[in-house]
Amino acid sequence: MKQNKVIIIGGGSAGLACAIALREKGIQDILLLEKENELGGILNQCIHNGFGLHMYKKEYTGPMYAQHHIDRFMELQIPYIIDATVLDISEDKIVTVSEPKGIYSIQAEVIVLAMGARERTRGNIQIPGDRCVGVWTAGNAQKYLNMDGYLVGKRIFILGSGDIGLIMARRLSLAKAKVVGVAEIMPYSNGLTRNIVQCLHDFDIPLYLSHTITQIKGDGRVEGITLCQVDENRQPMFETAKHFGVDTVLLSVGLIPDNVLSEKAKVSLDLKTKGPLVDSELMTSTPGIFACGNVLHIHDLVDHVSMEGILVASSIIKYFEDQDSLDLIPVKSKGFLNYVLPQSINPKSDTVLLKYRVSKPMTKGFLRIICNDQVLLKIPKVDLHPSEMQSFNLTKVILDKINSNVIVELSDE
Amino acid sequence: MFDIIIIGAGIVGCNLAYQLSLTNLKVLVLEKNAEILNEVSSANSGIIHTGYDPKDDTLKALLNVKGAALTKELCEYFQVPFLQCGSMVVAHDDKEIDMLKALQIKAAQRKIPCELLSQEILRQKEPHIADSVIKALFFPTTGVIIPWELGYALMDNACFNGVTLKNSEAVIAVEKKSSYIVKTPKSSYEAKMVINCTGLYGDKVARLAQADYPINLIYKKGEYQVTDKTDASYLNHILFPLPTEKGKGVLAVKTVEGNLLFGPNSNIVEDPTHQDTTSIGLAEVNSRIHEIIKPLPQNRMIRQFAGIRPGSPTKDFIIENHEKWVNVIGIDSPGLASSPAIAQYVIEQFVQPEFHPETLNRELYIHPKPLLLMSLDERNALIKTNPNYGKIVCLCEDVSTQEVINAIHSPCSTRSIKGIKRRVRPGSGRCQGGFCESKIVDILSKELNIPKQQVLYDNDNTSFLTPMEDLYETK
């Protein structure tokens, strides 16, 4: 059987950053597997700008950001295979891959999960109605438009105010399609504020908060939708029904970390993040399998994805130096938090980057780090929004005080 | 001049086309949709019922028992999956137990094997059965098939044997002379005999030949939920509630591919053209399924769909011949399981006395086995012959580019995204085509030698792409 020290699954922003950092740290035996016919991942279809503000203080487009990494990756001559789909990962880190040259298994010492995410579909959120053509996920419509040069429709309604939906509202308007409206089931938008302004306000596209699509109608092609206001339990109030004549419905209703392969490798998943449970080194429940990027949890900025890839590279170096199992301390979230990552920490770490998402918009709040009923740290926070991932660095001083379960709590006082 | 024109390429039409293709008769199949098996035959539970349910002395009782056995034989012959997983009809109280016992007697009379299971045994066999279930009648021979896979195997072989199939040709008029002239918007065709097996439109098509045809079909819509394959191990058998006047009830079945299918409810609708799901209907399925199975630990529904079944007022199949015009009408449940026997019945009753056809020896056409079911060695051998077998186009369902190409060029060709989805599964997994649909468009465009804006999603009015260059005037 073929062998590789590190196999990275996925050549998008997480996988590329991890591969580059690993090689820069001196790891020679790396193999990156990419299922598409080019490196770069979803960035390739994100032709808008705004990428790289944090990492490079520059506003790259998606392809530029990707190319920046691909160039470095090529310069370092890191081995990779395109059109290579991983079909299976076993618990003992055997990767089965299918590519045009054959289908074979490779024994890895370390595997990096960097497969990204998939979009939630109509079936996931159960929109009733006809099964006509004209309903796509926003990312799929983006791929048709930006990669292939084809428009999927002329009069469009977008469900969900996720960033891809907002970006597509602008992109489609520029491509001479009429975006009739964007609806969001929550009472607040789920995209970055800059995207609400630049993609909806600037194009006079109405945003319907606390609304959802309750029916799609059409014979062959979508002909129209019914939009209803929802109550506080997010249940549609059918007496508020409005009808819109459109030929296309795009869904931007969330991303799901793509962990089908992780599950095959018996990696434990977090029901909230839908990604692997990881420790502060971003190692999963299976020793030697690490995760970074959208496969771990959904990010709003690619910069953070790249940084996670780099963090995993450092963790892998440490893992090669010392594979003793550690006594990890579980981290739990409390209060107005959707999740906290990592789900366990190694108190011997020098520093641990905690990432979290709030469960509702808050103008101010307090984040507490609690251990043994003692508040180790209380941090005031302002302008918190579920669409914006937050992070906080636990320093050595705090980590030294941690000796049992950590609770990360967000409250309004 | 054809001997026989079959109108409608649903599962009945496919069975008829195949059985007639084994004779020296000249046969034409006219299908109004771009793809065969596009309506009733693709939107159903896929269950091969054993035949305990239909009333005595009905065509349904006769043809279901016979058809179930024939279906199994056909699946073996064509090497398409038939999963004999067995079924349980469940009871929640003493009254329902009495009904199970009555069903048991009826099954015994029809020589259908079955066994009454105690609480303990049924929970061993089916750990996630609902807590309220106290007894079950177990039918070990009930099976499940991929309805369109058998249908495609039948039609592929029919076409391979020389039957002519015309897709996208709806019959709009019929003229009766010494023979029948059957007209479509594109052409007209002449045949000595016509078999009308047009499912939802059976009564309307019958009236093209006989204006005063009295039967009016009753349309029953059933809605379904489909789960992610991750939940495959949640269910071992097909679970039914007790049958009622409305039908077999909201059932739970694991498809051959490993998705769980919950449904159908049953509501009478006026319009057979809209196979739409409704909030109320899906809510009904979501709640009634818990009468037989415990709620799944996670909601991982990937799709909802509805199927409409053409019921007859007599509640039985109607198979009749009037001056060499044969109507096969009202083929609702157990139509799929009965379909090979329906075709046999039509041929024995009406075709043989008229034509006395010769039986011919035909070669078998086997559609290539899915890579998913092959060993790595088998797959490698194929990749050596063609690298496209190594290029995976759909990760969710493990489908290679070459399998899609093969489906496009099979004897009864496939030319829509939905057709490809049925034949080789890209788009039927958890991403619902999010990752693969544009790649399927590429392959269809290339293989059919048409621009992408002509690639069909489903029927003829469903091309959906506009090239960007058409949007901007170039100077």
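No experiment lies behind these values; they were computed from the predicted model shown.

Rules behind the numbers
- Along each chain, residue indices are assigned from 1 in the same order as the chain's sequence is written.
- For naming, the first written chain is A and the first written ligand is 1, with later ones following in the order written.
- Thresholds applied to this predicted model are a pLDDT of at least 70 for local features of residues and 80 or more for the giving and counting of side-chain atom pairs; totals over whole chains, interfaces and linings are not thresholded and use all residues.
- Excluding hydrogens and water, the side-chain values take into account all heavy atoms of the structure.
- In this text, helices come from DSSP runs of H or I with a minimum length of four residues, and strands from runs of E with a minimum of two, each type numbered from the N-terminal end.
- The buried label goes to any residue with under 20% of its type's maximum accessible area, the exposed label to any with over 50%, and the partly exposed label to all in between, with areas taken from a 1.4 Å probe on protein chains only.
- Identification of polar contacts relies on pairs of N or O atoms within 3.5 Å, with a donor-acceptor requirement for protein atoms, meaning one able to donate a hydrogen and the other able to accept it, and with residues adjacent in sequence counted only if both atoms are side-chain atoms.
- In what follows, residue pairs with any heavy atoms lying within 4.5 Å of each other are defined as contacts.
- What counts as a salt bridge is simple: a side-chain nitrogen of Lys or Arg found within 4 Å of a carboxyl oxygen of Asp or Glu.
- Pairing between strands is defined by DSSP: at least two bridges between them are needed.
- Note that the domain bounds were set by an automatic or database domain assignment.
- Summed over both partners, buried area is the accessible surface (1.4 Å probe) that two parts give up on being assembled.
- Axis angles are defined between N-to-C directions and span 0 to 180 degrees, where every axis is a line fitted to C-alpha atoms and, for a helix, only to the segment in contact.
- Helix span, as expected, comes to 1.5 Å for every residue beyond the first.
- What is meant by a nonpolar core is a set of buried Ala, Val, Leu, Ile, Met, Phe, Trp, Tyr and Cys residues, joined one to another through side-chain atoms within 4.5 Å.
- Stacked, tilted and edge-to-face are the three classes applied to pairs of Phe, Tyr and Trp rings, where Trp contributes its six-membered ring and a pair requires centres within 6.5 Å; stacked means planes under 30 degrees apart, edge-to-face means over 60, and tilted covers the rest.
- Charge-over-ring contacts are defined here by two conditions on Lys NZ or Arg CZ: a distance within 6 Å of the ring centre and an angle within 35 degrees of the ring normal.
- Computed over the protein atoms alone on a 1 Å grid, cavities are sets of points where a 1.4 Å probe fits but cannot get out and pockets are open sets with protein on both sides within 12 Å along at least five of seven lines; a residue lines them when it has an atom within 4 Å of a point.
- Grid points are joined across faces, edges and corners, and a volume is the space filled by probe spheres set on the points.
- Each residue gets one of three labels, nonpolar for Ala, Val, Leu, Ile, Met, Phe, Trp, Tyr, Cys and Pro, charged for Asp, Glu, Lys and Arg, and polar for the others, Gly among them.
- Per-residue confidence from the predictor is reported as pLDDT, which spans 0 to 100.

Caption draft 1: Structural context of the side chain of Gln 225 of chain B. Looking at the secondary structure, you find Gln 225 of chain B in strand β13 (residues 218-227). Look at Gln 225 of chain B and you get buried, because its relative accessible area is 0%. A polar contact is formed between the side chain of Gln 225 of chain B and the side chain of Asn 286 of chain B, at a distance of 3.0 Å. There is a polar contact of 3.1 Å between the side chain of Gln 225 of chain B and the side chain of Gln 304 of chain B. Residues within four places of Gln 225 of chain B in sequence aside, it is in contact with Gln 126 of chain A together with Leu 260, Leu 261, Phe 262, Leu 282, Val 285, Asn 286, Met 301, Arg 303 and Gln 304 of chain B.

Caption draft 2: Up close: the interface of chain B and chain A. Listed by partner, the interface residues are 53 residues for chain B and 55 residues for chain A. Run the count over chain B and chain A and you get one salt bridge. Of the charged contacts, one joins Glu 36 of chain A and Lys 439 of chain B as a salt bridge, the two residues approaching to 3.0 Å between their closest N and O atoms. For the interface between chain B and chain A, the tally reads 16 residue pairs in polar contact (both at pLDDT 80 or more).

Caption draft 3: Local environment of the pairing of strand β1 (residues 2-9) of chain A. All names here are of chain A. As defined by bridge partners, β1 adjoins strand β8 (residues 102-113) across seven bridges and the pair is classed as parallel. From the neighbouring strand, Lys 2 faces β8, where its bridge partner is Ile 106. Where β1 meets strand β2 (residues 30-33), four bridges bridge the pair, whose relative direction is parallel. Note that in β2 the partner of Ile 9 across the bridge is Leu 33.

Caption draft 4: Molecular detail of the domain arrangement of chain A. All names here are of chain A. In terms of domains, chain A is made up of domain 1 (1-119 + 254-325), domain 2 (121-253) and domain 3 (327-413). Spacing between the C-alpha centres of domain 1 and domain 2 amounts to 31 Å. Taken together, the contacts link 14 residues of domain 1 with 20 residues of domain 2. Carbon and sulfur atoms supply 52% of the area that domain 1 and domain 2 bury against each other, a total of about 1200 Å² over both sides. Sorting the residues of domain 1 by area buried against domain 2 places Gln 45, His 48 and Glu 119 first, and these three jointly supply 50% of that buried surface. On the surface where domain 1 and domain 2 come into contact, there are zero salt bridges. Here domain 1 and domain 2 share eight residue pairs in polar contact (both at pLDDT 80 or more) between them.

Caption draft 5: Expanded view of the sheet that holds strand β15 (residues 211-217) of chain A. Residue and element names in this part refer to chain A. Sheet architecture is open: three strands sit in the order β15-β16-β17, paired in antiparallel fashion. Two strands close off the open sheet at either side, each with one partner strand: β15 and β17 (236-245). The mean angle between the axes of side-by-side strands here comes to 30°, regardless of whether they run parallel or antiparallel. Where β15 and strand β16 (residues 224-230) come together, six bridges link them in antiparallel fashion.

Caption draft 6: Layout of helix α5 (residues 147-160) of chain B. All names here are of chain B. With 14 residues, α5 should cover 20 Å at 1.5 Å per step; its first-to-last C-alpha distance of 20 Å lies within 8% of that length. Within α5, 12 of the 14 residues are buried, which leaves the element mostly enclosed by the surrounding structure. Looking at α5, one finds that the buried residues are Pro 147, Trp 148, Leu 150, Gly 151, Tyr 152, Ala 153, Leu 154, Met 155, Asp 156, Asn 157, Ala 158 and Cys 159.

Caption draft 7: Seen up close, the pattern of salt bridges. All names here are of chain A. For the structure shown, the criterion picks out 31 salt bridges over all chains. Lys 318 is the partner of Glu 281 in a salt bridge, and the nearest nitrogen-oxygen pair spans 3.1 Å. Here Glu 281, found in the loop between α8 (260-264) and β20 (289-291), pairs with Lys 318, found in helix α9 (residues 302-321); they are 37 residues apart in sequence, far enough to count as distant. Judged by its relative accessible area of 12%, Glu 281 is buried.

Caption draft 8: Expanded view of the environment of Ile 145 of chain B. Among the secondary structure elements, Ile 145 of chain B is positioned in strand β8 (residues 143-145). Classification of Ile 145 of chain B as buried rests on a relative accessible area of 3%.

Caption draft 9: Examining the environment of Ser 400 of chain B more closely. Residue and element names in this part refer to chain B. Along the chain, Ser 400 turns up in strand β22 (residues 399-400). With 11 residues separating them along the chain, Ser 400 and Tyr 389 place their C-alpha atoms 5.3 Å apart. If we ignore the near neighbours within four places in the chain, the residues touching Ser 400 are Leu 371, Asn 388, Tyr 389, Lys 391, Ile 392 and Val 393.

Caption draft 10: Representation of unusual backbone geometry in the model. A cis amide bond links Gly 263 of chain B to the next residue, Pro 264 of chain B, at an omega of -5°. When you line up the elements, Pro 264 of chain B lands in the loop between β16 (260-263) and β17 (267-269). The step from Ser 333 of chain B to Pro 334 of chain B runs through a cis peptide bond, and the omega angle for that step is 0°. Tracing the chain through its elements places Pro 334 of chain B in the loop between β20 (325-329) and α8 (335-355). For Gln 126 of chain A, which is not glycine, the phi dihedral falls at a positive 55°.

Caption draft 11: Focus on the nonpolar core. One finds Ile 8, Leu 22, Leu 33, Ile 89, Val 112 and Ile 316 of chain A to be the most contacted residues of the largest nonpolar core, which totals 62 residues. Discounting chain neighbours no more than four positions away, the residues touching Ile 89 of chain A are Ile 9, Ile 94, Val 95, Ile 111, Leu 113, Leu 261, Lys 264 and Ala 265 of chain A. Membership of the second largest hydrophobic core comes to 57 residues, among which are Leu 20, Ile 36, Ala 68 and Ile 347 of chain B.

Caption draft 12: Structural view of the packing of aromatic side chains. Tallied over the entire structure, the rule returns 18 aromatic pairs over all chains. Considering the side-chain rings of Tyr 56 of chain A and Tyr 60 of chain A, the 5.8 Å spacing of their centres and the 65° angle between planes classify their relative orientation as edge-to-face. For Tyr 56 of chain A, a relative accessible area of 25% corresponds to the partly exposed category. Overall, Tyr 60 of chain A belongs to the buried group, its relative accessible area being 11%. Measuring from ring centre to ring centre gives 5.5 Å for Tyr 180 of chain B and Trp 325 of chain B, while their planes differ by 55°; the resulting arrangement is tilted. Highlighted residues: Tyr 180 of chain B in strand β11 (residues 180-183) and Trp 325 of chain B in strand β20, separated in sequence by 145 residues. Looking at Trp 325 of chain B, the relative accessible area reads 3%, which means it is buried. An aromatic cluster is defined as three or more aromatic residues linked by ring pairs; in this entry it consists of Trp 136 and Tyr 144 of chain A together with Tyr 457 and Phe 464 of chain B. Sitting above the plane of the Tyr 104 of chain A ring, Lys 2 of chain A keeps its charged end 3.8 Å from the centroid.

Caption draft 13: Representation of empty space enclosed by the protein within the structure. On inspection of all chains with the given rule, the structure shows three cavities of 30 Å³ or more. The volume enclosed by the largest cavity comes to roughly 390 Å³. Along the wall of the largest cavity there are 28 residues; nearest its centre are Val 135 of chain A together with Arg 303, Gln 432, Glu 437 and Tyr 457 of chain B. Contributions of two or more residues to the lining of the largest cavity are made by α4 (122-125) and β10 (135-137) of chain A together with β18 (301-311), α11 (417-424) and α12 (437-448) of chain B. Looking at side-chain class alone, the lining of the largest cavity contains 13 nonpolar, nine polar and six charged residues. Counted as a void, the second largest cavity has a volume near 50 Å³.

Caption draft 14: Representation of the sheet that holds strand β4 (residues 82-83) of chain B within the structure. All names here are of chain B. Here three strands make up an open sheet; going across it, the order is β3-β8-β4 and the pairing antiparallel. Sheet topology places β3 (47-48) and β4 at the edges, where each strand pairs with a single neighbour. Sheet topology note: the β4/β8 ladder contains two bridges and is antiparallel. In the sheet register, Leu 83 faces β8, and the bridge partner there is Val 144.

Caption draft 15: Structural view of the confidence of the model for chain B. A residue-level look at chain B finds 99% of positions with pLDDT of 70 or above and a mean pLDDT of 95. Predicted complex metrics record ipTM = 0.95 and pTM = 0.95.

Caption draft 16: The pairing of β13 of chain B, seen in detail. Residue and element names in this part refer to chain B. With eight of 10 residues buried, β13 is to be regarded as a mostly interior element. Strand direction decides the pairing type here: β13 and β18, joined by 10 bridges, are antiparallel. Bridge pairing in β18 links Gly 222 to Gly 307. Bridging between β13 and β17 involves three bridges; their strand directions are antiparallel.

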